[in-house]
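These are the residues of each chain, in order.
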Amino acid sequence: MPSDISQILIVDDDLLFVDDLIEVLDAYGQYKVLAATSRGEELFLLRKEKIAVLVVNLHATSLDGLEVLSLISTSYRHIQCIVMIDEGHPASLKALENCPCRDSIFRCLVKPDNLEIIGCAILESLQRLDENDYQPGIAASKIVSFFEILQRTARVSVRFGTKRHALLDFQNGRLIHAIFDKKQGVEAALEVFDWPPLGFILENGEAGTMRSIGLNDLETIRVTSRLKRETARKNGTGGGEGMSQSEQKISLFIVDDSKMMRKVIASIFKDDPFVQVVGEAENGEEALQLIPQLKPDVITLDVEMPVMDGLKTIKHLMIQSPTPTVMLSSMTQDGAAVTFDALKYGAVDFVAKPSRNADIDLAEQTKEIARKVHLASEVELDAVRYVRAVNKNKQAHISSGNRCDKIVAIGVAEGGYGALLKLLPHLSAGLPAAYLVMFYAPSKHLDPFVEYMDRFSPLQIKRATNNVRLEAGVCYFASGEEYLTVHEQEQGLLLNLSPAPFATQRGSINMLFFSVAEVMKEDAVAVILSGVGEDGTEGMAEILRVGGAGIVQDPAGCLYRDMPWSVSAHCREAAVLPDGEIPDTINSILAT
């Protein structure tokens, strides 16, 4: 199959319909068609394949169409979506048609008998991918219509950038309450309806019962929002009342001592419809003067600069004006420590500066920088902070050879450096537990990270080796390129480490969790942190089934939300916690 052929994913449990649709689409010969007909398949395919257009049946009985759309809106935001809806919802369909937002949900169709309709819609969606005339995410008005159609009861978390976060409560499909900042009810809903397309997450808890929005109120909100957008479009402002076009974009501030590099970084976003460079500085001192005035959504920060370098800058920044910051650094053996320091001080991610001498071509490097900035813009400010220092003398409390009675298994992938820096230094070394970390990171990066972590963590941090006996107070790291399992023998619990037979098909976290569940039962604790894909979902379910405990990092504080989103959606018994609360929770579980 040629690599330039677009891939289409159909998510529907109606097997006859799916087969007929695939047959029709195959006749076009312009794309490869994939299908997910049972829960979990869509997650696997979205992670494994580069999907261009998704067709989802909102009413599938064995699939949750809303969860699929939530995943698309938060983690796969540039995929074009076609939502199929059963007949019988004229009011909601009309509201969907009247939505003025050009978002990533391209069309909402009554599930057609004439399959050619979907074929034409897919062709139009593929054309839109090249036109950049839409915004990734889903308009709030469409989310409300989807709930009406499905008559769902739930609480929904929605966010726009780092500065706006709201909650919407639905009861039997009706929007009954909204909360944003100090606003509630109709006032809050009007605010959310004015936002550009956004991501939404189905909260684990029950929906609130407070009623502040009636049926007439909702119609008023819809009409008001539509009129404000139409007026803004006529006036050329491109947004709702009180929100200009520039305010709808991600505002970026660039800090680099090289004028040429500042120009290069700015040029990456010159044609990006969702990012606007609002300022730049040539050193940290100048940046700290300008950032509080400009209040950017994201900062790119060089490490080595005169007057004030990147590390000193980010220390001050996290105190004065916490802002999601991406460090411009080369992740090398010599530069690893300074990069990890930056993450410890509050940076959300790092990326190498564009260079023609790098292993990958320049176009891929610039694409990676753009991707990191977009991801950083969605990290909540509560997750942007300096990591507390830890008393290194705690290392003395560890005595070699301690028997291990419990195991904490941690699964983490992309965005995991910062998550682990906020977790491991605050775990107790005096409890009868060993810690196993399965981290999808290259060995050339993982080895210096393990060495770095060991310098200021109360635990002993080391790479896992085959046939080593587990000891309490020790944390063992393995790469996602390996399988790490636990076996019980006369001399105690032993680790088994072997190369992953299918390293490109992620499953190492599930393998670890299943092994720990089998050996430890109720003495197992599973933790899922930031990462792409759904690895760990099945393993977490197994640990919970045998009586163990499960913890998931709140997706709102993750740089990459796929793994926590997948686990929290499928393992409702797992506790979803901000990263700052996870260490104390683990310590409390182990102490009982």
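Values in this document were obtained by computation on a predicted structure and should not be read as measured data.

Analysis parameters
Residues numbered from 1 in each chain as written. Predicted model: local features only at pLDDT ≥ 70, side-chain atom pairs only at ≥ 80, totals over all residues. Heavy atoms only, no water. Buried < 20%, exposed > 50% of the residue type's maximum accessible area, 1.4 Å probe, protein only. Helix = DSSP H or I, 4+ residues; strand = E, 2+ residues; numbered from the N terminus. Pairing = 2+ DSSP bridges. Axes fitted to C-alpha atoms, helices over the stretch in contact; angles between N-to-C directions. Salt bridge = Lys/Arg side-chain N within 4 Å of Asp/Glu carboxyl O. Parallel < 35°, antiparallel > 145°, perpendicular 65-115°, else oblique. Left-handed = near helix turned anticlockwise from the far one by under 90°. Contact = heavy atoms within 4.5 Å. Nonpolar A, V, L, I, M, F, W, Y, C, P; charged D, E, K, R; others polar.

**Details of the pairing of strand S6 (residues 154-160)**
Side chains on a regular strand alternate between the two faces of the sheet.
So, step 1. Within S6, six of the seven residues are buried, leaving the element largely enclosed by the surrounding structure.
So, step 2. Bridge count between S6 and strand S10 (residues 199-202): four bridges; the pairing is antiparallel. In the sheet register, Ser-157 faces S10, and the bridge partner there is Ile-201.

**Remarks on the sheet that holds strand S5 (residues 105-110)**
So, step 1. Overall, parallel pairing links the five strands, which are arranged S2-S1-S3-S4-S5 in an open sheet. Strands with a single pairing partner mark the edges of an open sheet, and in this sheet they are strand S2 (31-36) and S5. Recorded for the sheet is a direction-independent mean angle of 20 degrees between the axes of neighbouring strands.
So, step 2. Pairing analysis gives five bridges linking strand S4 (residues 80-85) to S5, with the strands arranged parallel.

**Some points on the pattern of salt bridges**
When the charged atoms of two side chains with opposite charge come close together, those side chains can pair.
So, step 1. Tallying each qualifying case throughout the model produces 21 salt bridges.
So, step 2. Where Lys-111 meets Asp-12, a salt bridge forms, and the shortest distance between an N and an O atom there is 3.1 Å. In this pair, Lys-111 is assigned in the loop between S5 and helix H5 (116-131) and Asp-12 in the loop between strand S1 (6-11) and helix H1 (15-28), connecting sequence segments 99 residues apart.
So, step 3. Judged by relative accessible area, which is 19%, Lys-111 ranks as buried.
So, step 4. Look at Asp-12 and you get buried, because its relative accessible area is 0%.
So, step 5. Residue Lys-353 pairs with Asp-256 through a salt bridge whose shortest N-O separation is 3.1 Å. Note that Lys-353 is positioned in the loop between strand S15 (349-351) and helix H14 (362-376) and Asp-256 in the loop between strand S11 (250-255) and helix H10 (259-268), a separation of 97 residues in sequence.
So, step 6. The class for Asp-256 is buried, based on a relative accessible area of 0%.
So, step 7. A single salt-bridge network, built from bridges that share partners, covers Asp-349, Glu-368, Arg-371 and Lys-372.

**Considering the packing of helix H13 (residues 336-344) against helix H16 (residues 443-456)**
The packing of two helices is summarised by the inter-axis angle and the distance between the axes.
So, step 1. Interhelical geometry of H13 versus H16 gives an angle of 60 degrees and a closest axis separation of 10 Å. One finds that H13 runs oblique with respect to H16. Remark: the crossing between H13 and H16 carries right-handed chirality. Along the contact surface, H13 presents Ala-336, Ala-337, Phe-340, Asp-341 and Lys-344, while H16 presents His-445, Pro-448, Phe-449, Tyr-452, Arg-455 and Phe-456.
So, step 2. Partitioning the contact of H13 with H16 into residue classes produces seven nonpolar, one polar and three charged.

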